[in-house]
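Each chain, letter by letter, is given below.
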Amino acid sequence: MHSASKLLDGVRLLSLDIFDTSIHRALNRPEDLFYLLRERLLESDVALFHPSAVQNLPEVRMECERIAREKAVRTRGTSEIILDQIYEEMAVATGLDAAELGRIKDLEIELELRCCYPNETIRQLFFEASKRGVQVVFCSDMYLPKNVLQEMLRNCGYGDNLEILVSGELRKSKHEGTIFPHLRDKWDVRYEEILHVGDNAGADVEQPKRLGIRTIHFRELEELARDDRGSRIASPSDHLVRSIIVGLTRKPLLSGQASGLHCLDNIGYEVFGPLFTGYFLWILEQIRRLEPEKVLFFARDAYLFHLLWTRYRDLIDIDTEASYAYVSRKAIFYPSFMDFDFDRLWKLTSGRVKRTLRERIEALGINPTDVMKTASELGLSMDEQMTGGDHRLFTLLTRHYDLVIQAAHEKSDLAKAYINQLFEGSSKVVMIDVGWTGSMQGAVSRLLDRRYPRNLTGLYFGLFQGASKEGLGSSMRAWLMNEGEPSTWRDAIASGGAELLELALTAPHGTTLGYRKGSDGTIEPVLESPSMNVDEQEYLLAAERLRSGALNFMEEYLRIFGVHSVSGTTYTTSEFWAAPFMNLVLHPSRSQAEALGDISHSDVGISTQRVALAKRISNKRDFDRELSNSFWKAGFKIRNSQTSGFRRRTMY
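The following refers to the structure shown. Every chain is numbered on its own, with residues counted from 1 as its sequence reads. Restriction of local features to residues with pLDDT of at least 70 applies here, the model being predicted, together with a cutoff of 80 or more for giving and counting side-chain atom pairs; totals for whole chains, interfaces and linings are based on all residues. Only hydrogens and water are set aside when side-chain values are computed; all heavy atoms of the structure are taken into account.

Here we look at the overall build of the protein chain
Inference 1: Strands here mean DSSP runs of E at least two residues long; helices mean DSSP runs of H or I at least four residues long; both are numbered from the N terminus. Of the regular secondary structure elements, the protein chain holds 31 helices and 18 strands.
Inference 2: Element-wise, carbon and sulfur atoms account for 47% of the exposed surface of the protein chain, whose accessible area totals about 27600 Å². Only the protein chains shown count as covering a residue, and every accessible area follows the Shrake-Rupley method with a 1.4 Å probe.

Observations regarding the sheet that holds strand β4 (residues 135–140)
Inference 1: Here five strands make up an open sheet; going across it, the order is β5-β4-β1-β6-β7 and the pairing parallel. Of all strands in the sheet, those with a lone pairing partner are β5 (163–166) and β7 (214–217), marking the two edges. Neighbouring strand axes in the sheet, compared pairwise and without regard to direction, differ in orientation by 20° on average.
Inference 2: When DSSP finds two or more bridges between two strands, those strands count as paired. As defined by bridge partners, strand β1 (residues 13–17) adjoins β4 across five bridges and the pair is classed as parallel. Paired with Leu-16 across the two strands is Phe-138, which belongs to β4.
Inference 3: What makes two residues a contact is simply this: any of their non-hydrogen atoms within 4.5 Å. Axes here mean lines fitted to C-alpha atoms, for a helix over just the part in contact, with angles spanning 0 to 180 degrees between N-to-C directions. Taken strand by strand, helix α9 (residues 146–155) contacts β4 and β5, and its axis lies near 135° from that of β5.

A short note on the sheet that holds strand β8 (residues 294–298)
Inference 1: In space, the five strands of this open sheet follow the order β9-β8-β12-β13-β14, with parallel pairing throughout. Of all the strands in the sheet, the pair left with one neighbour each is β9 (321–325) and β14 (475–481). For this sheet the average axis-to-axis angle between neighbouring strands, irrespective of direction, equals 20°.
Inference 2: For β8 and β9, the ladder comprises five bridges, and the chain directions are parallel. Residue Phe-298 lies in a different strand from β9, and its bridge partner there is Ala-325.
Inference 3: Sheet strands touched by helix α15 (residues 263–290): β8, β12 (428–436), β13 (455–463) and β14. Its angle to β13, the strand with the most contacts, is close to 160°.
Inference 4: In the packing of helix α25 (residues 487–505) onto the sheet, contacts are made with β12, β13 and β14, and the angle to β12 comes to roughly 110°.

So, unusual backbone geometry
Inference 1: Geometrically, the link from Ala-299 to Arg-300 is a cis peptide bond, its omega value of -5° lying close to zero.
Inference 2: The topology assignment puts Arg-300 in the loop between β8 and α16 (303–311).
Inference 3: Cis geometry is found at the peptide bond from Glu-485 to Pro-486, where omega equals 0°.
Inference 4: Here Pro-486 lies in the loop between β14 and α25.
Inference 5: Backbone geometry at Arg-171 places phi at a positive 65°, although glycine is not the residue there.
Inference 6: Topologically, Arg-171 is positioned in the loop between α10 (167–170) and α11 (179–187).

Re helix α5 (residues 57–76)
Inference 1: Expected span of a helix: the number of residues minus one, times 1.5 Å. Its 20 residues place the ends of α5 28 Å apart at the C-alpha level, agreeing with the 28 Å of an ideal helix rising 1.5 Å per residue.
Inference 2: When accessible area is computed with a 1.4 Å probe and restricted to protein chains, residues below 20% of their type maximum are described as buried, those above 50% as exposed, and intermediate ones as partly exposed. What α5 keeps buried is the set Leu-57, Pro-58, Arg-61, Cys-64, Glu-65, Ala-68 and Ala-72. For α5, the arc enclosing every buried residue in end-on projection is 130°, short of the 170-degree limit, so these residues lie on one face.
Inference 3: Buried-residue contacts for α5 involve α2 (32–41), α4 (51–55), α6 (83–94) and α7 (98–115).
Inference 4: Immediately beyond the C-terminal end of α5, within one or two residues, lies Gly-77, with a positive phi of roughly 80°. Starting at the helix axis, one direction is taken to each C-beta atom, and the arc is that of these directions.

Side note on the nonpolar core
Inference 1: The biggest cluster of nonpolar side chains holds 147 residues, and the ones touching the most others in it are Phe-272, Phe-276, Phe-461 and Phe-581.
Inference 2: Looking at this core element by element, the count peaks at 15 residues for α15.
Inference 3: Discounting residues that sit within four places of it in the chain, Phe-276 has contacts with Leu-304, Phe-305, Leu-501, Ala-504, Leu-505, Ala-550 and Met-554.
Inference 4: As used in this record, nonpolar core signifies buried Ala, Val, Leu, Ile, Met, Phe, Trp, Tyr and Cys residues forming a set joined through side-chain atoms within 4.5 Å. With 41 residues, the next largest nonpolar core counts Phe-333, Leu-393, Leu-397 and Leu-456 among its residues.

A closer look at the packing of α7 against α9
Inference 1: It is at 9 Å that the axes of α7 and α9 come closest, and there the two elements cross at 25°. As judged from the angle between their axes, α7 and α9 are roughly parallel. The interaxial crossing formed by α7 with α9 has right-handed handedness. Between α7 and α9, the contacting residues are Ile-109, Glu-112 and Leu-113 on the first element and Val-148, Glu-151, Met-152 and Asn-155 on the second.
Inference 2: Each residue receives one of three labels: charged for Asp, Glu, Lys and Arg, nonpolar for Ala, Val, Leu, Ile, Met, Phe, Trp, Tyr, Cys and Pro, and polar for the others, Gly being one of them. The residue inventory of the contact of α7 with α9, partitioned by class, reads four nonpolar, one polar and two charged. Any angle that is under 35 degrees is reported as roughly parallel, and any over 145 degrees as roughly antiparallel; angles of 65 to 115 degrees are reported as roughly perpendicular and all others as oblique. Note on convention: near helix rotated counterclockwise from far helix by under a right angle means a left-handed crossing. Clockwise means right-handed.

Side note on the pattern of salt bridges
Once their charged atoms are close, side chains differing in charge can pair, the charge on each being opposite to the other.
Inference 1: Definition used for salt bridges: Asp or Glu carboxyl oxygen within 4 Å of a side-chain nitrogen of Lys or Arg. A complete count under the given rule lists 40 salt bridges for this structure.
Inference 2: Put simply, Arg-66 and Glu-70 hold a salt bridge, and the shortest N to O gap is 2.5 Å. Of this pair, Arg-66 and Glu-70 both sit in helix α5, four residues apart, which is roughly one turn of that helix.
Inference 3: Owing to a relative accessible area of 39%, Arg-66 belongs among the partly exposed residues under this scheme.
Inference 4: With its nearest N and O atoms 4.0 Å apart, the salt bridge here joins Asp-491 to Arg-490.
Inference 5: Judged by relative accessible area, which is 42%, Asp-491 ranks as partly exposed.
Inference 6: Salt bridges here are not isolated pairs; linked through shared partners, they connect Arg-590, Glu-594, Asp-598, Arg-616 and Arg-639.

So this is what it looks like as structure tokens:
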């Protein structure tokens, strides 16, 4: 739109449409609110006694509105109705009594109020008109009562004592053109002195134009819907999840909050926000089912979820003790080595970033001179660069497993003391972490004193095949991938998903290096100090932006929709919260690939060699080799598409 001042020249009355113009819902479509209404009703005794009525509520609610409008046309010559008329038809269709229908109607109004937010462009026009003494009237073809619309507009920052015309109460509407003469007569203005702004081509443009009223076709939402982010977000079976993601993704754009944001903030909000929301809702559902005595959020990947748990404890309403556990592979995995185990030794040698043999040996606390002869026999030099999974390194450590066990034992006393301090007084514990191999849960199980019962459950984002072997009798559950299945998620995680997730989940504190005894006798973590390395600083800054964006989405969700989780409901535990992330991993846009591609990653801690997630190359002859070495395959292809001829596809 042009500047508010210019638009208002010669205007005595500004008429503003309400829905999809002055305010928006945090849902994809207006009728999606009825699907949300059904989910809320599943928590009530109405669902217990009338399961069919609740299950079919969205379709019944829309059909009853249609019937009520048809009756109004036959009896009064207009299709305009009020909410009570719709619920009169609901009584006939469902057999619910007046009290039950009253509760449903009140809940519908409550959800309408919770879901609405202002359009900042229109809000500024409203304030400019008010400042200039222009009469402002809100006009809506709507069945909701005027007092509800007044509260809605007040909540959206438009103030009190507003002039509102509602078609259901007036029996006059915009789409029939009958509300505009009423507008002219009530405020004693000429048609040419009225400016009407709205989103509907017929009701807000064609009808008032016929009378000589100036109009603005407000199409911000229409333009966003044309580039429907939701079209690639979810399948029809996850209708409500898709609606919430699309609705919340539009919110910053329509409310003016997205102005000036960095691309990484947007990726955090639009991609990691839905992903982490779905994971957090799944975690809450599992905790309710398991009823543990304590919940441990493992550093650093569970930092954000512990933050939400703490900040929204009253809303979550789970009376379980929770702690943030400062653990890491360095701090507890290696110290947990107590016997010979091929699988755990192989994990110890893993990692895709190159390091010298000397660095790898010293990181284990072993003197390189003690293994130099064996290394030479295997054709290794101490300065040779090697990636994880090198069979020669595995063979070297196998031949010197006594040194591995000895070095691990020297580190284990304080690690054991810290883990047992965390479990003090608790016999049934849930642990939250990102997952993958289950090695952290295995380490905890080995370090835990035998006097504590092993009623442990790990809740993870995903687990690869064989992870359950680490459980030592304890159990593991994963949200999106269990034992490497489904293969779509296994492939996505292995193609850069793991590194992108770890980036977004990086906490604002250093990795846990080990432990020490504090002045009060308790065991406290020793954290790595921030590095001054430029690449590492850029990584931490990118992580902060992604985390901040994701947190904003999650808090918007919790503020608007709350925490509701009942056995049998679908949207709170749907895997389609993760669909935007799957798109990022496998089918990123160019802007996403450019924003994230140069960020460097290290899979062995901060102060080590780092490799770009998806670097740009200049020579096409290097394409296959660099693609193989790249963490984020699809991002690499997008950034080098002119070199390789690769073209982007989308999943949905």
